Amino acid sequence: MSHGLIQDARFWRFLFVLDEDLAAEARRGGCRHCGSVLHSARYPRKPRGVSRRVLGAEYERRRSFCCSRAGCRRRVTPPSVRFLGRRVYLSAVVVLVTASSQGLKGERRGRLRDTFGVSDRTLKRWRRWWREEFPVTPLWRGARGRFIQLPDLAQLPASLLQRFEAASPADQLVALLRFLAPLSTVFEHAQ
Ligand SMILES: [Zn+2]
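Residues numbered from 1 in each chain as written. Predicted model: local features only at pLDDT ≥ 70, side-chain atom pairs only at ≥ 80, totals over all residues.

Caption draft 1: Up close: the overall build of the chain. A count of helices and strands for the chain gives nine helices and five strands. Reading the chain from its N terminus to its C terminus gives the helix and strand order α-β-β-α-β-β-β-α-α-α-α-α-α-α. Relative to the 2.2 N^0.38 estimate, which gives 16 Å for 191 residues, the radius of gyration of the chain is 17 Å and therefore close to what a compact globule would have. Counting only C-alpha atoms and orienting by the principal axes, one finds that the chain spans roughly 55 × 40 × 35 Å. In the chain, which comprises 191 residues, the proportion classed as buried is 29%. Considering only residue pairs separated by 6 or more positions, the chain has 66% of its internal contacts joining residues 24 or more positions apart. (Helix = DSSP H or I, 4+ residues; strand = E, 2+ residues; numbered from the N terminus. Rg over C-alpha atoms; globule rule 2.2 N^0.38 Å. Buried ≥ 20, exposed ≤ 12 C-beta atoms within 10 Å, placed from the backbone. Contact = placed C-beta atoms within 7 Å.)

Caption draft 2: How the structure looks around the sheet that holds strand β4 (residues 65-67). Within the open sheet, the three strands sit side by side as β1-β4-β5. Their pairing is antiparallel. Of all strands in the sheet, those bounded by a partner on one side alone are β1 (38-40) and β5 (75-76). One ladder, built from three bridges, connects β1 with β4; its direction is antiparallel. Across the sheet, His 39 pairs through a bridge with Cys 66, a residue of β4. (Pairing = 2+ DSSP bridges.)

Caption draft 3: Summary view of the nonpolar core. Ala 92, Val 93, Val 94, Val 95, Leu 173, Leu 176 and Leu 177 are the most contacted members of the largest nonpolar core, which totals 32 residues. Counting only elements with at least two residues in this core, the list comes to α1 (9-28), α3 (91-101), α5 (120-133), α7 (158-161) and α8 (169-180). Apart from the residues lying within four places of it in its own chain, the contact partners of Leu 177 are Leu 15, Val 81, Ser 91 and Ala 92. Among the nonpolar cores identified, the runner-up in size contains five residues, and Cys 31, Leu 38, Cys 67 and Val 76 belong to it. (Core = buried A, V, L, I, M, F, W, Y, C linked by C-beta atoms within 7 Å.)

Caption draft 4: Examining the environment of Ala 181 more closely. If you trace the backbone, Ala 181 turns up in the loop between α8 and α9 (183-190). Given 21 C-beta atoms within a 10 Å radius, Ala 181 is considered buried. Each C-alpha atom of the pair Ala 181 and Phe 83 lies 8.3 Å from the other, and the pair is 98 residues apart in sequence. Beyond its immediate chain neighbours, meaning those up to four positions away, Ala 181 contacts Leu 22, Pro 79, Ser 80 and Val 81.

Caption draft 5: View of the packing of α3 against α5. α5 packs onto α3 with a crossing angle of 90° between their chain directions and a minimal axis gap of 10 Å. Regarding the angle of α3 to α5, the classification is roughly perpendicular. Here α3 contributes Val 94, Val 97, Thr 98 and Ser 101 to the contact with α5, which in turn contributes Leu 123, Trp 126, Arg 127 and Trp 130. Of the residues contributing to the contact of α3 with α5, the split by class is five nonpolar, two polar and one charged. (Axes fitted to C-alpha atoms, helices over the stretch in contact; angles between N-to-C directions. Parallel < 35°, antiparallel > 145°, perpendicular 65-115°, else oblique. Nonpolar A, V, L, I, M, F, W, Y, C, P; charged D, E, K, R; others polar.)

Caption draft 6: Broad picture of unusual backbone geometry. Omega for the peptide link from Leu 156 to Pro 157 comes to 0°, which places this bond in the cis form. Turning to its location among the elements, Pro 157 is positioned in the loop between α6 (138-143) and α7. Backbone geometry at Arg 73 places phi at a positive 55°, although glycine is not the residue there. Position of Arg 73 among the secondary structure elements: in the loop between β4 and β5.

Caption draft 7: Expanded view of α8. When the terminal C-alpha atoms of α8 are compared, their 17 Å separation across 12 residues agrees well with the 16 Å that a helix rising 1.5 Å per residue should span. Turning to α8, its buried residues are Leu 173, Val 174, Leu 176, Leu 177 and Leu 180. Relative to the axis of α8, the buried residues are bounded by an arc of 160° and lie together on one face. (Expected span 1.5 Å × (residues − 1). Arc of directions from axis to C-beta.)

Caption draft 8: Local environment of the environment of Ile 148. Checked against the element boundaries, Ile 148 lands in the loop between α6 and α7. Placed 15 residues apart in sequence, Ile 148 and Arg 163 show a C-alpha to C-alpha distance of 9.3 Å.

Right under this line is the structure:
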């Protein structure tokens, strides 16, 4: 588990580029209800856990679109490998901090918490989400059949991360973030 990755501006830049592709694809599809052109209607974001200097200004906005036709104006928020809905922590931080906190106790867990400014309460909530809510999401219900060996649900997300074969820990994390990207829009509208 590499925390160095989280401090690497190139990693965040790469995720931003992936998100731009996802957004362009969503925009090309037009409004799902009336087919009209979509206009930009980005959400402001103030992500926590990683410094602004590392993230860059691109992380202060999440792409979203609004139908251009008066009387429709429906919103389309593309999937994202960076943001998990309206959560203030970035997806990569939620995954890495939850995964690396598993099995850690006392001082080491305290250090992890301090590094990312994640409170025990938040960490507990993330763990509960992985244990209780993630397994019942349509994403997981639809995808679990694709795994030859199911990840241990009690050890999510570390067990899920290990199911993605990749050349490096960074690639493995990106593969998981791509997998989770559809979830990022569910929370955006639900909260
Ligand atoms: Zn429309």
